[in-house]
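Analysis of the macromolecular model
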Amino acid sequence: MKCRVCQHEISPFMTFGRMPIANGFLTADKFDGEYFFELKPAFCDRCFTFQIEDQPEPELMFHDQYAFFSRTSAFMQRHFQAYGNWVRETFLDDSESFVVELGSNDGIMLEHFAGHGISHLGVEPSANVAEEARRHGVNTMVEFFGPQIAQHIVAEYGQADALMAANVMCHIPDINGIAQGASTLLKPRGVFIFEDPYLGAMIDKTTYDQIYDEHVFIFSALSVSNIFAPHGFELIDLLPQETHGGSMRYVLARTGQRQVSANVARIIAEEKSAGLDQSGTYDRFRADCEASKTRLVNLLRAEKEAHRRVVGYGATSKSTTILNYCQIGPDLIEFISDTTPIKQGKYSPGMHIPVKPYEAFTENYPDTALLFAWNHKTEIMEKESRFASSGGKWITHIGTE
Ligand SMILES: [Zn+2]
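This report concerns the structure included in the present document. (Residues numbered from 1 in each chain as written. Predicted model: local features only at pLDDT ≥ 70, side-chain atom pairs only at ≥ 80, totals over all residues. Heavy atoms only, no water.)

1. Focus on the overall build of the chain
- Check the secondary structure of the chain and you find 14 helices and 17 strands.
- The C-alpha radius of gyration computed for the chain amounts to 21 Å, which stays within 12% of the reference 21 Å derived for 401 residues, consistent with globular compactness.
- In terms of its C-alpha atoms, the chain occupies a principal-axis envelope of roughly 65 × 50 × 40 Å.
- Expressed as a percentage of the 401 residues in the chain, the buried residues total 56%.
- If you take every contact in the chain between residues at least 6 apart in sequence, the share linking residues at least 24 apart comes to 69%.
- With an accessible surface of roughly 16700 Å², the chain has 49% of that area assigned to carbon and sulfur atoms.
- Side chains of the chain carry 35 positive and 52 negative charges; the gap between the two charge centres is 3 Å. (Helix = DSSP H or I, 4+ residues; strand = E, 2+ residues; numbered from the N terminus. Rg over C-alpha atoms; globule rule 2.2 N^0.38 Å. Buried < 20%, exposed > 50% of the residue type's maximum accessible area, 1.4 Å probe, protein only. Contact = heavy atoms within 4.5 Å. Areas by Shrake-Rupley, 256 points an atom, 1.4 Å probe, with all protein chains shown as cover. Lys, Arg positive; Asp, Glu negative; His and termini not counted. Charge placed at Lys NZ, Arg CZ, Asp CG, Glu CD.)

Structural data, given as structure tokens:
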């Protein structure tokens with residue numbers, strides 16, 4: 001395969017095997033026609049970009065039935081308010097400012113600009129979440145961002161002071177098209193700010209469940225720097241985030257236009273010492289994934305032999321990679337509980353574990369709960385303190401021994 005960024009010839013360093021659509025929760029009558037692809041990550045030793053080789057057609061992954069509304073999580077509401085305020089206070093210096101967000105979802109971040117009377121535009125491909133954003137007073141166009149859309153936006157609104165994204169860039173295979181669009185869209189001192197799950201955190205903790213169909217890239221500062229340099233941008237700041245089990249906020253500006261924070265050199269040095277630019281690191285990651293799989297399967301088998309009931313907590317997209325890679329089915333996990341009505345009564349993709357309402361967990365506690373939404377561990381431990389105090393045990397897939 002060719003690297004999606006620099007066209008260098010690369011090959012996958014491992015396979016997670018046959019994988020269904022991560023968010024493809026399904027009814028029993030759909031088992032026969034279920035779609036599978038092979039999930040194979042690759043690392044480019046020229047531009048240092050971590051990517052997956054095959055990605056299913058976008059229509060299979062993103063459709064309105066499973067639309068994700070950011071607004072439903074109080075934690076994410078707070079995060080986006082802080083993100084929006086930080087951008088406004090750090091980079092916008094007058095009331096004439098214009099900001100654009102890619103994949104603006106239900107307007108959860110842009111409403112904090114709209115509320116201050118700042119000219120803004122959301123570019124959101126999914127029509128029903130865009131509609132929700134408009135209901136919140138957020139100006140939104142239903143489009144995929146790229147060089148042409150950037151030209152249209154400039155013609156209608158002028159150039160932008162800030163272009164923002166959150167958990168969007170890692171979904172877009174044509175990353176060079178985005179960079180080109182950013183170059184067209186931004187003013188000379190404009191900034192491009194985005195955050196996504198961070199490769200450094202994933203390698204460090206062996207949280208391989210970050211790798212699934214929608215995440216075509218897992219970025220590092222090294223790769224982001226290399227992706228944007230040919231388009232005339234440099235990193236001017238890096239801010240690690242707690243979200244999604246470890247994310248990074250990247251801040252880019254046109255080369256030489258803005259002061260570069262000391263964070264940039266420091267984090268790049270940390271990435272080099274962690275070997276994020278070395279192929280050998282990814283061979284070790286493969287071995288760590290295998291060890292993590294063995295550990296989890298042994299743990300679940302021991303529970304079963306001890307006649308202890310195990311259920312899954314949170315039918316997340318991430319859980320699909322874990323369950324299918326480890327081949328964990330209903331023989332080891334009785335069901336997965338989830339608060340999302342559309343998933344309830346369905347089965348998990350590939351391994352077909354039943355998904356039941358949240359009450360199925362609380363009304364008849366299992367002995368052990370496998371926490372798939374491990375990135376919300378703190379909130380969940382607080383919410384479910386009664387489970388632990390009544391003797392329930394939490395486990396996660398994280399850990400290699
Ligand atoms: Zn490359």
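2. Overview of the sheet that holds strand β10 (residues 217-218)
- Taken in spatial order, the 3 strands of this open sheet run β3-β4-β10, and their pairing is antiparallel. Only two strands of the sheet have a single neighbouring strand rather than two, namely β3 (41-43) and β10.
- In this sheet, strand β4 (residues 50-52) lies alongside β3 in antiparallel orientation, the contact comprising 3 bridges. Paired with P41 across the bridge in β4 is I52. (Pairing = 2+ DSSP bridges.)

3. Some remarks on the coordination of the zinc ion
- At 2.3 Å from the zinc ion lie its protein donor atoms, namely C3 (SG), C6 (SG), C44 (SG) and C47 (SG).
- Taken together, the 4 donor atoms surrounding the zinc ion define angles of 102 to 117° at the centre, an arrangement classified as tetrahedral.
- On the basis of relative accessibility, which here comes to 0%, the residue C44 falls in the buried class. (Donors = N, O, S within 2.8 Å, 3.2 Å for Na, K, Ca; no water. Tetrahedral: all angles 85-135°; square planar, octahedral: opposite > 155°, others 65-115°.)

4. Remarks on the nonpolar core
- Judged by nonpolar contacts, the single largest core of 88 residues is most densely connected at F145, M169, F192, F194, F219, F228 and Y250.
- Sorting elements by how many residues they give to this core places helix α10 (residues 279-305) first, with 6 residues.
- Beyond its immediate chain neighbours, meaning those up to four positions away, F145 contacts L102, V123, A150, I153, L163, I178, G181, A182 and L185. (Core = buried A, V, L, I, M, F, W, Y, C linked by side-chain atoms within 4.5 Å.)

5. Description of unusual backbone geometry
- Positive phi values are uncommon outside glycine, yet Q7 reaches one of about 70°.
- Assignment of secondary structure puts Q7 in the segment before β1 (18-20).
- Positioned with a positive phi, N105 is a non-glycine residue whose angle comes to about 50°.
- Residue position: N105 is located in the loop between β5 (98-102) and α3 (111-114).

6. Side note on helix α5 (residues 147-157)
- For α5, the full list of buried residues reads I149, A150 and I153. The buried residues of α5 all sit within an arc of 105° when viewed along its axis, so they share a single face. The outward face of α5, more than 90 degrees from its buried face, is lined by the exposed residues Q148, Q151, H152 and A155.
- Contact partners of the buried residues in α5: β5, β6 (119-123), β7 (140-141) and α6 (175-185). (Arc of directions from axis to C-beta.)

7. Regarding the packing of aromatic side chains
- On inspection of all chains with the given rule, the structure shows 28 aromatic pairs.
- With a centroid separation of 6.5 Å and an interplanar angle of 85°, the aromatic rings of F50 and F285 are classed as edge-to-face. Of this pair, F50 sits in strand β4 while F285 is found in helix α10, placing the two residues 235 residues apart along the sequence. Across this residue pair, the class does not change: F50 and F285 are buried.
- Taken together, a centroid distance of 5.5 Å and an interplanar angle of 25° make the contact between F217 and F219 stacked.
- In this structure F219 comes out as buried when scored by relative accessible area, which is 0%.
- An aromatic cluster is defined as three or more aromatic residues linked by ring pairs; in this entry it consists of F192, F194, F217, F219, F228, F233 and Y250.
- Above the face of the W86 ring, R249 is positioned so that its terminal group lies 4.8 Å from the ring centre. (Phe/Tyr/Trp six-rings, centres within 6.5 Å; stacked < 30°, edge-to-face > 60°. Lys NZ or Arg CZ within 6 Å of the ring centre and 35° of its normal.)

8. Brief notes about helix α9 (residues 262-273)
- Along its 12 residues, α9 runs 17 Å from first to last C-alpha, staying within 8% of the 16 Å computed at 1.5 Å per residue.
- For α9, the complete set of buried residues consists of V264, I267, I268 and E271. Looking straight down α9, one finds that the buried residues subtend no more than 105° of arc, so they occupy a single side. Of the exposed residues in α9, those oriented more than 90 degrees away from the buried face are A262, A265 and S273.
- Along its buried surface, α9 packs onto α8 (221-228), β11 (233-241) and β12 (247-254).
- By the N-cap criterion, in which a side-chain oxygen at the helix start approaches the backbone nitrogen of a residue two or three places on, α9 is capped by S261, the distance to N263 being 2.9 Å. (Expected span 1.5 Å × (residues − 1). Polar contact = N/O pair within 3.5 Å; in protein donor to acceptor, adjacent residues only side chain to side chain.)

9. Looking at the pattern of salt bridges
- Counted under the stated rule, the structure contains 12 salt bridges.
- A salt bridge links D54 to K40, with the nearest nitrogen and oxygen atoms 3.6 Å apart. Taken as a pair, D54 in the loop between β4 and α1 (58-61) and K40 in the loop between β2 (36-38) and β3 lie far apart in primary sequence, 14 residues in all.
- According to the relative accessible area criterion, D54 is partly exposed, its value standing at 33%.
- Taking relative accessible area as the criterion, K40 reaches 17% and is therefore assigned buried.
- Taken together, the shared-partner salt bridges in this structure form one network comprising K40, E53 and D54. (Salt bridge = Lys/Arg side-chain N within 4 Å of Asp/Glu carboxyl O.)

10. Some points on empty space enclosed by the protein
- Taken as a whole and judged by the stated rule, the model has 1 cavity of 30 Å³ or more.
- Taken as a whole, the largest cavity encloses approximately 30 Å³ of empty space.
- Lining the largest cavity are P197, Y198, A201, M202, T207, Q210, I218, G245 and G246.
- Considered class by class, the residues forming the lining of the largest cavity number 5 nonpolar, 4 polar and no charged. (1 Å grid on protein atoms, 1.4 Å probe; cavity = no way out; pocket = protein on both sides within 12 Å on 5 of 7 lines; lining within 4 Å. Points joined across faces, edges and corners; volume = space filled by probe spheres on them. Nonpolar A, V, L, I, M, F, W, Y, C, P; charged D, E, K, R; others polar.)

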